[in-house]
Amino acid sequence: MVLLTSAGVAAQYQQLYDTDYLPQSLLLNPGNKVDFDKHLGIPLLSGVGVQAATRNVSVYDIFQVNERDEINERIRAKVDQLSNRDYAVLHQSLEILSAGFRTRKGNYISFGWYEELDAITYFPKDVATLAYEGNQQHLGYAFKASDIKARAEMVSVFHIGMNKKVNEHFSIGGRFKLYSGMFSAESTHNSGTFTTYLTPDGNNYYEHRLENINGGLKIAGIGSFEEVSESQILQNSIFGGNYGVGIDLGFSYDFNERWSVSGSLLDLGFINYRSRTYEYYGNGDFDFDGIEFIFPSVVDENTVIRPYWTDLEEEFDENMNFGERADVSYTLLRPVKLMGGLTYSFGEHLKCNCLDPEENRYRFKTGLQAMAIKRPGSIQAGLTAFLDAPVTSFLNTKLTYGIDSFTYTNVGFLISAKIRSFNVYLAADNLLSYSNIADSNTASFQICFQLISNTK
Amino acid sequence: MKIEKLLFFLLVLLATGCTEEIDFNQVKEVSLTTTQDIDLVHFLLTQDNFVDDGGQTQQNGLVEAVKLDFLDDPFFQNRLVRIVFDFRMTNTFPQSLTAVIKFNDEDGVTRESITLEAAGSTNGEAIVSEYDVVKEGTAISNITTADTVLVEYYINTNSAPVVGSLKFESKAAYTVEL
């Protein structure tokens with residue numbers, strides 16, 4: 001399985017963005033120009049994609065084979081190097097059904113059903129530092145629970161969208177989405193600190209302080225972790241009881257024959273989780289400086305030995321509230337995405353195998369595309385330059401060069417072949433890492449088989 | 001470069017993609033050794049613990065115990081590899097005091113013990129005695145089979161009146177292999 005990071009996610013979006021000859025471009029911009037009259041995806045094969053990325057660490061960094069150091073040393077070195085802004089992302093998508101057609105009024109209706117897994121985890125720097133280096137080396141430092149930040153969602157998405165060509169230069173579109181949450185695990189709102197203070201004038205060497213602890217883990221779709229069932233997750237794809245709605249909006253505008261601009265806002269929506277939900281939680285404050293022995297005085301006739309440990313446990317339980325509960329209800333916003341592109345067309349005029357053969361087209365398109373995804377701890381952004389050109393009348397290619405938080409040298413490509421109505425495309429990125437894929441911070445792969453046709 | 005050549009180059013690149021040697025079996029070797037420094041017990045002894053209102057010594061020895069259930073927990077029994085105890089005693093008694101810290105099992109059998117000496121003060125000023133005690137190997141096994149810690153204190157009386165105080169502080173750095 002290819003491993004990717006959010007950089008990979010960004011790169012893959014950019015490869016399909018603004019490709020008006022592919023229906024999948026409508027999932028990235030419902031207002032994109034549409035260069036076909038209908039399409040029908042091959043069920044389960046019309047959009048298979050996987051992307052993974054890790055910021056500042058690679059598989060090779062950890063699992064390389066050498067005689068210089070062993071794996072624990074390499075992990076330790078990475079723990080020192082990584083920060084709480086580093087993260088790993090896994091994204092997978094599968095189009096189950098995909099279809100579209102042009103109406104008599106000229107609008108393009110597209111609809112379908114896809115499954116999507118999106119997971120992100122930030123590196124819990126403070127937790128790792130406390131684990132590897134201990135508290136003695138960091139006296140007075142407040143280890144932050146907020147460094148624990150992770151989220152994974154698997155959703156089933158039913159969608160229908162419409163693309164309308166307002167005039168020769170301007171197209172707009174929107175898509176309505178009905179989400180069915182298959183599985184969710186979310187721990188992104190943790191707060192509080194753990195600090196060990198040196199107390200020269202105190203009762204003991206230290207004072208250990210848990211302050212304003214508040215956080216936990218919410219899961220949905222499976223009940224508690226003890227009840228995890230793959231079949232249950234699959235059943236949730238339709239009638240799981242965790243539902244949400246969202247919309248996509250987009251446009252494209254041609255300034256003239258050569259210049260155009262486009263933009264889209266995707267997954268503006270939410271899912272309300274209330275079925276098979278479970279929560280593990282903890283909150284409170286607690287100070288500890290050891291167990292104070294109270295030796296009986298010679299004048300004290302009370303010689304009962306105090307239950308120090310039990311008292312400590314009770315005091316802890318009174319101040320720290322840890323527990324778990326079922327049937328909680330919570331709402332998560334979808335990771336909203338903002339995309340935009342500026343395109344310049346040039347080169348020889350082309351007789352294209354497209355919707356309007358009379359259209360004055362240039363062979364090459366180049367430009368810049370930008371994207372941003374709202375993540376729990378930050379905004380993940382990327383900028384991509386591209387060159388899009390048909391090699392032959394049935395073969396289109398797109399070459400991309402992207403920069404993002406994972407790499408400054410992300411070269412990707414898309415190749416799309418259309419023989420009669422049958423279309424297959426293949427997209428991959430971070431090609432420069434192919435000499436040692438395991439050392440890559442990001443990689444993505446996508447393949448699709450579908451039917452695309454024009455009535456003209 | 002013509003687009004056809006570029007495409008050919010990309011396909012070759014894809015077809016020849018490879019990776020330098022990696023070994024996922026190394027995951028079996030992954031371990032984490034963590035050390036956490038935690039306060040243990042503390043207390044303050046005064047002459048009231050040894051003498052009556054008339055200044056007559058009533059007892060030379062004291063004992064107090066705490067049951068530490070976590071010590072015999074399987075997690076500690078399997079993972080604990082080292083404990084470094086730190087003790088600090090601040091004494092203003094003119095007498096020295098001897099502390100014996102015992103780790104007893106549920107049958108009351110002492111499996112491990114530590115003996116400390118707090119030096120006496122000659123002029124009423126606080127005398128600080130500090131000890132680092134490292135326990136490893138079989139000593140760890142002994143400690144993790146115990147469930148109770150006893151602290152015994154003996155004042156080594158002399159001709160001077162028993163007047164003063166002793167502040168006892170302790171912590172332990174637990175090293176655990178995960």
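Draft legend 1. Structural detail: the overall build of chain A. Scanning chain A from N- to C-terminus turns up seven helices and 22 strands. For the C-alpha atoms alone, the extent of chain A along its principal axes is close to 110 × 50 × 35 Å. Out of the 456 residues belonging to chain A, those deemed buried represent 39%. Partitioning the intrachain contacts of chain A with sequence separation of at least 6 by distance along the chain shows that 70% fall at a separation of at least 24.

Draft legend 2. Here's a closer look at the sheet that holds strand β5 (residues 96–104) of chain B. Residues and elements named next belong to chain B. Ordered in space as β3-β8-β5-β6, the four strands form an open sheet in which the pairing is antiparallel. Unpaired on one side and paired on the other, β3 (61–67) and β6 (110–118) mark the two borders of the sheet. Looking at each pair of strands side by side, their axes are set apart by 15° on average, direction ignored. Examined bridge by bridge, β5 and strand β8 (residues 148–156) share nine bridges and lie antiparallel to one another. Note on β8: the bridge partner recorded for Val100 is Glu152.

Draft legend 3. Spotlight on the confidence of the model for chain B. On average, residues of chain B score 86 in pLDDT, and 88% of them are at 70 or above. Here the complex is predicted with pTM 0.84, and the ipTM for its interfaces comes to 0.86.

Draft legend 4. How the structure looks around the confidence of the model for chain A. All names here are of chain A. Scored by pLDDT, chain A comes out at a mean of 87, with 93% of its residues at no less than 70. Considering only residues more than four positions removed or in separate chains, one finds that residues 1–11, a stretch of pLDDT under 50, has 71 contacts. Contacts of residues 299–303 to residues separated by more than four positions or lying in other chains number five contacts, the stretch itself having pLDDT below 50.

Draft legend 5. Local environment of the interface of chain B and chain A. Across the contact, 52 residues belong to chain B and 46 residues belong to chain A. Among the secondary structure elements, those contributing two or more residues to the side of chain B that touches chain A are α1 (3–15), β1 (33–39), β2 (41–46), β3 and β9 (165–177) of chain B. At seven residues, the largest contribution of residues to the side of chain B that touches chain A is made by α1 of chain B. Among the residues making up the side of chain B that touches chain A, the classes are represented as 24 nonpolar, 12 polar and 16 charged. Sheet topology note: the strand β13 (residues 291–292) of chain A/β2 of chain B ladder contains two bridges and is parallel. Pairing of Glu292 of chain A across the sheet is with His42 of chain B, part of β2 of chain B.

Draft legend 6. Local environment of the environment of Thr455 of chain A. Structurally, the position occupied by Thr455 of chain A is in the segment after β22 (442–453). With 270 residues separating them along the chain, Thr455 of chain A and Ala185 of chain A place their C-alpha atoms 46 Å apart.

Draft legend 7. Expanded view of the nonpolar core. By size, the foremost hydrophobic cluster in this structure holds 29 residues, and its most contacted members are Val41, Leu97, Ala99, Val151 and Leu166 of chain B. Elements with a contribution of two residues or more to this core: β2, β3, β4 (80–91), β5, β6, β8 and β9 of chain B. Apart from the residues lying within four places of it in its own chain, the contact partners of Ala99 of chain B are Leu116, Ala118, Val151, Glu152 and Tyr153 of chain B. Core analysis: the second largest hydrophobic core is formed by 24 residues, Leu28, Met339, Ala428 and Cys448 of chain A among them.

Draft legend 8. Seen up close, the pairing of strand β1 (residues 38–41) of chain A. Residues and elements named next belong to chain A. Covered by surrounding structure in β1 are His39 and Gly41 only, the residues Lys38 and Leu40 on the alternate face being uncovered. Direction of pairing for β1 relative to strand β3 (residues 87–102): antiparallel, over a ladder of three bridges. Paired with His39 across the strands is Gly100, a residue of β3.

Criteria and cut-off values
Residues numbered from 1 in each chain as written. Chains lettered and ligands numbered in written order. Predicted model: local features only at pLDDT ≥ 70, side-chain atom pairs only at ≥ 80, totals over all residues. Helix = DSSP H or I, 4+ residues; strand = E, 2+ residues; numbered from the N terminus. Buried ≥ 20, exposed ≤ 12 C-beta atoms within 10 Å, placed from the backbone. Contact = placed C-beta atoms within 7 Å. Pairing = 2+ DSSP bridges. Axes fitted to C-alpha atoms, helices over the stretch in contact; angles between N-to-C directions. pLDDT = per-residue confidence, 0-100. Nonpolar A, V, L, I, M, F, W, Y, C, P; charged D, E, K, R; others polar. Core = buried A, V, L, I, M, F, W, Y, C linked by C-beta atoms within 7 Å.

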